[in-house]
Amino acid sequence: MAPWPVDTHSLPENERIAVSPALLDFGGISVNVIGDATRTLTIYNLGDSDVTVTGQDEPVGDDEVFRVTEQPVLVIPGGESRDVEVAFVPATDDEYLARLRFEPGSELVELRGSGTAPVIKTGDSDIAPTVLGCTGQGIVTVENLGSEALIADPSTSGDEFSLVGWTRDVAPGATMEVGVAFTPSWGGSRSGLLRLATNDPVRPVATVDLSGLGYEGERVSERFVYAPAAPTDVIFAVEGQLYAGDNRVEPAVEAYATHMHDAGIDLNATSVSSAGACEGPAPRYSEPGDSALRLEAILMHGFEGGGGRFDADLVGLVADVLLEAGTGGCLADFRRDDAALDVVVIAESAPSDDPLPALVGLVEGLPDGTRVRVSVLVPTSGECGAGGGAYAVLADEYDGAIGNGCTGSWEAGFTAFAALPTVTREVRYPLAESPVPSTLSVSADGSAATGWSWDEATNELVIDAETHPDVGAELSVTYVSAVSCSP
């Protein structure tokens, strides 16, 4: 290639140069695949003596991508030439232009090139306010402004945010949507971060702030009493015709039912009058998980029933209940072989025979190892009744409580009847509503409790058998009620 023609008339004979070519066009260079390109230009000394050349190392324009590694001052002997290498290192998808001005002579060389690359542009997150226990969704738009395919691998930080859908590859000029799920664990404004690992050379990691508002549903408070007892079947054997309309009965029964419910006792309970095991209304017995109101209603049956053939033989009434608890009986499935038996006798009249031998015989017929406790509410002060105190021997023999049937209130006695022997076992308390798990809080006598968990399948609070609060401690449970998440 011949030297580039220049006007040499205005230069001294010894300072004539020419630079060729006048344009270095690098074309399109892929930033990720190729990275850079190098071209060569030549400086010619047209004179006979040495010439000092400057300007070759100072591109003007997009100088950050056109790089010349030559010395700032070059001395070229007369009649000789010097090659200069120019590197083009594009940073992103763009058109680039710069110029080199060589002195003496103000020779100009234009540098031109284009970079090709993916270019990511992200939108803001858009997540609707979400109630605790539900999951809201939003999207973040990702646009490729470049001329090569964009690869974007998303991830989220913060346990409350997760990904629900995206397309990894985005064509030039196309847009994708990254789905973001928001599951608040607490109320109020929540924040997280969406990270996009990309092949955009300028933004290899793009981030988008995530924000969502969590708000609470109904807050629920419940209380229980930690009094772990073995599974127990309870029989109230009541002398009939004596207590209908007695204003002492209902408060006492309510106290008993409330305690049993709050303690979460695995309980079957029936209450029968001396008319017989099958004389009461249905349902004849309560089952585990029943409400305190249902238990209270069933316990009232015996007190509202009439008298009959077991008026003077309440031990015989208990035997009749156990008989009817068998297959085909009116109390079928009431009695469980692996459950303790707790009997409460309510009487004013004397039994026709010594009740102890009859009860001993009845207990001997139970499965080996069955724990039996018998409590009684009978006249103990001689102010009422006609000898019902003879039943007190049963409580003495079988570790029960004795209440005085002559007092103006029976609540203390019934509370003692409800105090079943404690055992070391896991205790489960059914919750009234389904909670948002993260909002569950449990305290024992006002202090934070440990050793508890929540069984989602049964919606029960579970107290561990080994790590547990003191027996008799009041457990307070608070939580936010989970609501339906349907639109």
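For the structure given in this document, a descriptive report is provided here. Predicted model only: the values in this text are computed from it and were never measured. (Residues numbered from 1 in each chain as written. Predicted model: local features only at pLDDT ≥ 70, side-chain atom pairs only at ≥ 80, totals over all residues. Heavy atoms only, no water.)

## Observations regarding the overall build of the chain
Then, in step 1: Assigned secondary structure in the chain consists of six helices and 33 strands.
Then, in step 2: Against the globule reference of 23 Å for 487 residues, the chain gives a C-alpha radius of gyration of 46 Å, more extended than a compact globule.
Then, in step 3: For the chain, the share of sequence-separated contacts (at least 6 apart) that also reach a separation of at least 24 residues comes to 73%. (Helix = DSSP H or I, 4+ residues; strand = E, 2+ residues; numbered from the N terminus. Rg over C-alpha atoms; globule rule 2.2 N^0.38 Å. Contact = heavy atoms within 4.5 Å.)

## Here's the deal with empty space enclosed by the protein
Then, in step 1: With the rule as written, the count across this model stands at two cavities of 30 Å³ or more.
Then, in step 2: In this structure, the largest cavity occupies an estimated 40 Å³ of space.
Then, in step 3: Each pocket or cavity is described by its volume, and for the second largest cavity that value is around 30 Å³.
Then, in step 4: Around the second largest cavity sit Val315, Val318, Val343, Val345, Leu359, Val374 and Leu394, which together line it. (1 Å grid on protein atoms, 1.4 Å probe; cavity = no way out; pocket = protein on both sides within 12 Å on 5 of 7 lines; lining within 4 Å. Points joined across faces, edges and corners; volume = space filled by probe spheres on them.)

## Some thoughts on the sheet that holds strand β19 (residues 188-198)
Then, in step 1: Read from one edge of the open sheet, five strands run β13-β20-β19-β15-β17, paired in mixed fashion. This sheet does not close on itself; its edge strands, each paired only once, are β13 (130-131) and β17 (169-170).
Then, in step 2: Bridge analysis of β19 against strand β20 (residues 205-215) gives 10 bridges, and the strand direction is antiparallel. In the sheet register, Leu194 faces β20, and the bridge partner there is Val208. (Pairing = 2+ DSSP bridges.)

## Some points on the nonpolar core
Then, in step 1: Counting 33 residues, the largest nonpolar core has Val345, Leu359, Val374 and Tyr391 as its most contacted members.
Then, in step 2: Sorting the residues of this core by element identifies β22 (232-238), α3 (314-324), β25 (340-346), α4 (355-364), β26 (372-378) and α5 (392-397) as the ones contributing at least two each.
Then, in step 3: Beyond its immediate stretch of four places on either side in the chain, Val374 contacts Val343, Val345, Leu359, Leu394, Ala395, Tyr398, Gly400 and Ala401.
Then, in step 4: Among the nonpolar cores identified, the runner-up in size contains 30 residues, and Leu295, Trp410, Phe414 and Phe417 belong to it. (Core = buried A, V, L, I, M, F, W, Y, C linked by side-chain atoms within 4.5 Å. Buried < 20%, exposed > 50% of the residue type's maximum accessible area, 1.4 Å probe, protein only.)

## Examining the state of the cysteines
Then, in step 1: Applying the stated criterion to the full structure yields one disulfide.
Then, in step 2: Put simply, Cys278 and Cys330 are joined by a disulfide, and their sulfur atoms are 1.9 Å apart. Residues Cys278 and Cys330 share a disulfide whose torsion about the S-S bond is about -90°; that sign makes it left-handed. Taken as a pair, Cys278 in the loop between β23 (267-273) and β24 (285-286) and Cys330 in the loop between α3 and β25 lie far apart in primary sequence, 52 residues in all. (Disulfide = S-S within 2.5 Å.)

## Description of helix α1 (residues 249-262)
Then, in step 1: For α1, built from 14 residues, the straight-helix expectation of 20 Å at 1.5 Å per residue is met to within 8% by its first-to-last C-alpha distance of 20 Å.
Then, in step 2: Taken together, the buried positions of α1 are occupied by Val249, Ala252, Val253, Ala255, Tyr256, Ala257, Met260 and Asp262.
Then, in step 3: Of the surrounding secondary structure, the elements contacted by the buried residues of α1 are β21 (219-225), β22, β23, α2 (292-304), α6 (411-418) and β28 (427-430).
Then, in step 4: Gly264 occupies a position one or two residues after α1 and carries a positive phi of about 65°. (Expected span 1.5 Å × (residues − 1).)

## Things to note about the environment of Asn459
Then, in step 1: Secondary-structure assignment places Asn459 in the loop between β31 (452-455) and β32 (460-463).
Then, in step 2: For Asn459, a relative accessible area of 13% gives the class buried.
Then, in step 3: Sequence separation of Asn459 and Pro430 is 29 residues, and the distance between their C-alpha atoms is 6.1 Å.
Then, in step 4: Sequence-distant contacts of Asn459, that is, excluding residues within four places in its chain, are made with Tyr429, Pro430, Leu431, Glu433, Ser434, Pro435 and Trp454.

## Re the packing of α1 against α2
Then, in step 1: Look at α1 against α2: their axes get within 9 Å of each other, and the N-to-C directions meet at 140°. Here α1 lies oblique to α2, going by the angle between them. At the point where α1 passes α2, the crossing takes the right-handed sense. Contacts from Val249, Glu250, Val253, Glu254, Tyr256, Ala257, Thr258, Met260 and His261 of α1 reach α2 at Ala292, Leu295, Glu296, Leu299, Met300 and Phe303. (Axes fitted to C-alpha atoms, helices over the stretch in contact; angles between N-to-C directions. Parallel < 35°, antiparallel > 145°, perpendicular 65-115°, else oblique. Left-handed = near helix turned anticlockwise from the far one by under 90°.)

## Observations concerning the side chain of Ser30
Then, in step 1: Residue position: Ser30 is located in strand β2 (residues 23-30).
Then, in step 2: Within the structure, the side chain of Ser30 is placed 3.1 Å from the backbone nitrogen of Val33, a separation counted as a polar contact.
Then, in step 3: At 2.8 Å, the side chain of Ser30 and the side chain of Glu148 are in polar contact.
Then, in step 4: Among all residues touching Ser30, those that are not within four sequence positions of it are Gly35, Thr116 and Glu148. (Polar contact = N/O pair within 3.5 Å; in protein donor to acceptor, adjacent residues only side chain to side chain.)

## A word on the pattern of salt bridges
Then, in step 1: Tallied over the entire structure, the rule returns 18 salt bridges.
Then, in step 2: One salt bridge connects Arg112 with Glu110, and the closest N-O pair in it is separated by 2.2 Å.
Then, in step 3: Note on Arg112: relative accessible area 35%, which makes it partly exposed.
Then, in step 4: Put simply, Arg223 and Glu474 hold a salt bridge, and the shortest N to O gap is 2.9 Å. Note that Arg223 is positioned in strand β21 and Glu474 in strand β33 (residues 474-480), a separation of 251 residues in sequence.
Then, in step 5: Sharing partners across several salt bridges, the network here consists of Asp233, Asp266, Arg335 and Arg336. (Salt bridge = Lys/Arg side-chain N within 4 Å of Asp/Glu carboxyl O.)

## Thoughts on the environment of Ala87
Then, in step 1: With respect to the helices, strands and loops of the structure, Ala87 is situated in strand β8 (residues 81-88).
Then, in step 2: Using a relative accessible area of 22% as the deciding quantity, one classes Ala87 as partly exposed.
Then, in step 3: Sequence spacing of Ala87 and Arg39 is 48 residues, and the spatial spacing of their C-alpha atoms is 6.5 Å.
Then, in step 4: Contact partners of Ala87, with chain neighbours within four places excluded, come to Phe26, Ala37, Thr38, Val65, Phe66 and Arg67.

## Let's talk about the pairing of strand β4 (residues 51-54)
Then, in step 1: Every second residue of β4 is oriented toward a common face, the buried set being Val51 and Val53 and the non-buried set Thr52 and Thr54.
Then, in step 2: Pairing geometry for β4 and strand β7 (residues 73-76), over four bridges, is antiparallel. From the neighbouring strand, Val51 faces β7, where its bridge partner is Ile76.

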